[in-house]
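For reference, the chains in residue letters:
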Amino acid sequence: NFSSKRSPAPLPPGPKGLPLLANLLDLPQKEQWRTFTDWGRKYGPIVHMRALGQSFIVLNDVHVAGEMLDKKSAIYSDRPVSIMAGELTGWNETLGFSRGERLKEHRKYLHGAIGTRSAIEKLNGLFETEAQAFLKRILRKPEAIAENIRDTAGSVILQVTYGYKPKEDQDDLVDLVELALRQFTEVTEPNAFLVDLIPPLRYVPSWFPGAGWKKKAEYYHATLRKMADVPLQFVRNQMSEGVASPSMVSSLLDRSNTPEQDCNIKWAAASMFAGGSDTTVSAIHTFFLAMTIYPDIQRKAQAEIDAVVGNDRLPTFADRAQLPYVEAIISEILRWGTVAPLGVPHTLSRDDIHNGYFIPERAIILTNVKGMLHDPDAYPDPWNFKPERFIAAEGRPVEQDPRSCCFGFGRRICPGVNLADATIWASVAMSLAVFDIQRKVVDGVEIVPEPRYEDSMISHPSPFDCTIKPRSAKAESLILRD
Ligand code: HEM
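Calculation notes
Residues numbered from 1 in each chain as written. Predicted model: local features only at pLDDT ≥ 70, side-chain atom pairs only at ≥ 80, totals over all residues. Near = placed C-beta within 6 Å. Helix = DSSP H or I, 4+ residues; strand = E, 2+ residues; numbered from the N terminus. Nonpolar A, V, L, I, M, F, W, Y, C, P; charged D, E, K, R; others polar. Buried ≥ 20, exposed ≤ 12 C-beta atoms within 10 Å, placed from the backbone. Pairing = 2+ DSSP bridges. Expected span 1.5 Å × (residues − 1). Contact = placed C-beta atoms within 7 Å. Core = buried A, V, L, I, M, F, W, Y, C linked by C-beta atoms within 7 Å.

(A) Quick look at the site of the ligand. Taken together, 26 residues surround the ligand, and among them Gly 275, Gly 276, Gly 408, Cys 414 and Gly 416 come closest. Of all the secondary-structure elements, those providing two or more residues to the shell around the ligand are α12 (259-293) and α16 (417-434). Looking at the shell around the ligand element by element, the count peaks at seven residues for α12. Partitioned by chemical class, the residues of the shell around the ligand number 15 nonpolar, 10 polar and one charged.

Pasting the structure below:
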């Protein structure tokens, strides 16, 4: 909180709202990015709003977001206090919520494991093997795309982090981490829990009538602790038997670690799955949606792969540089499908003045990433899936790489960018090489799915129908080859 006397400059413009509840009633409940885009048109790229004494800053322009969150990242990289998800459910322990020294320590561990090109290149074989396992899963159960994508992304992350290879059909650890993530999604829904708006409610005991949310928090906290403890114990057991596969955790666990370091390793590792599974899943799911809606784009990509790779083998990372159209499809997936429509909120650790506006300390900064990536000035015809945007052609500039905002900003930028990129590339290139993704036909009529997305922090395509078949008998034999 601050008084207007203290403000050395005016607050950015924004909706006025009612005097007593301030802007609480203006705070949209659904698809917030749409309202934020409207505010951007009305008030400009930096919008201020106040609800129950809390300042919110909404950024609608990628350049302005970069000027603030990247260039001044020393002050714009803190996270807002989160009571339900962070404090009561325990997610404060994970990297995404960490602050200060612990944040540095966590990021250092992830950087070592997945942050550099050489670390990722060492894992290329794993990505290729897992992508082929993905093809097998789809061949076996083409109707279960979402589940197959989820199993694949989960398997990649658990192997990289813990050297743990999940069992094919049902795996207790995968079930556990996915349960924790579903609970996380629930507690981070916009305004899901009143306690985040009225913090003193946190002191209400859980037996108190109406305090069911508190029991829920205790139960979810227990799930989260298990999600961090169980795989760590797995690695310790493997190490003591001398059979541990190389992984982020096995390379960090060391007898000379302090208990605090061990605790940081445990939570940094748990953050890998938390940050990396749902996001990658959404992007790969968008690929199947886009290919169902846009068959011509699919054929063009397949022609590129056939010309470079031929039909006698699957594509590998060694082919990547020769496949620019596939590359453009990946950029377009990240733009059109916007995995995290509002990114992850930042807050600033001290007052700032930006472009003549006062930005108060602890204001919650929301980046309207979906709006930025569908701005018709930056991306003409923004709702159409057009990989060509990212390919140089005469008379038309290449449009801005969506990675300028879709992985976040400044010191908080996604530490999993390279892992995400490799997992998505392998799934996309290999699927295009061997499958035709087609529209479902009902009574002789092709059903074209609507590109609709679920409304949550990590946004997934809503369920849609498609048919997936091997392109040829030869393609099928490539999928099944050991
Ligand atoms: C398409 C895939 C992905 C997208 C779109 C994505 C996007 C993001 C975004 C927007 C943020 C917030 C950045 C900010 O606050 O400015 C973030 C943070 C994070 N991501 Fe990703 N991510 C993806 C994949 C991954 C993967 C594969 C991993 C790890 C294995 C990962 C781990 C994390 C972690 C741990 C954070 C928290 C960082 C922090 O708070 O300092 N992400 N990601």
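(B) The pairing of strand β2 (residues 54-59), seen in detail. Where burial is concerned, most of β2 is hidden: five out of the six residues are buried. Two elements, strand β1 (residues 46-51) and β2, share six bridges in a ladder whose sense is antiparallel. Note on β2: the bridge partner recorded for Arg 50 is Ser 55. Counting the residues in the hairpin turn of β1 and β2 gives two residues, including Leu 52, whose phi is positive at 45 degrees. Of the strand pairs in this sheet, β2 and strand β6 (residues 364-367) are connected by four bridges, and their pairing is parallel.

(C) A look at helix α10 (residues 212-240). Along its 29 residues, α10 runs 42 Å from first to last C-alpha, staying within 8% of the 42 Å computed at 1.5 Å per residue. Along its buried surface, α10 packs onto α4 (83-88), α8 (145-162), α9 (172-187), α11 (248-252) and α12. Backbone geometry just downstream of α10 places Gly 242 in the positive-phi region, at approximately 70 degrees.

(D) Local environment of the nonpolar core. By size, the foremost hydrophobic cluster in this structure holds 120 residues, and its most contacted members are Ala 269, Val 326, Val 428 and Ala 429. The leading source of residues in this core is α12, at 16 residues. The residues contacting Val 428, other than those within four sequence positions of it, are Phe 287, Val 326, Ile 329 and Ile 330.

Read these as spatial facts, not as claims about activity.
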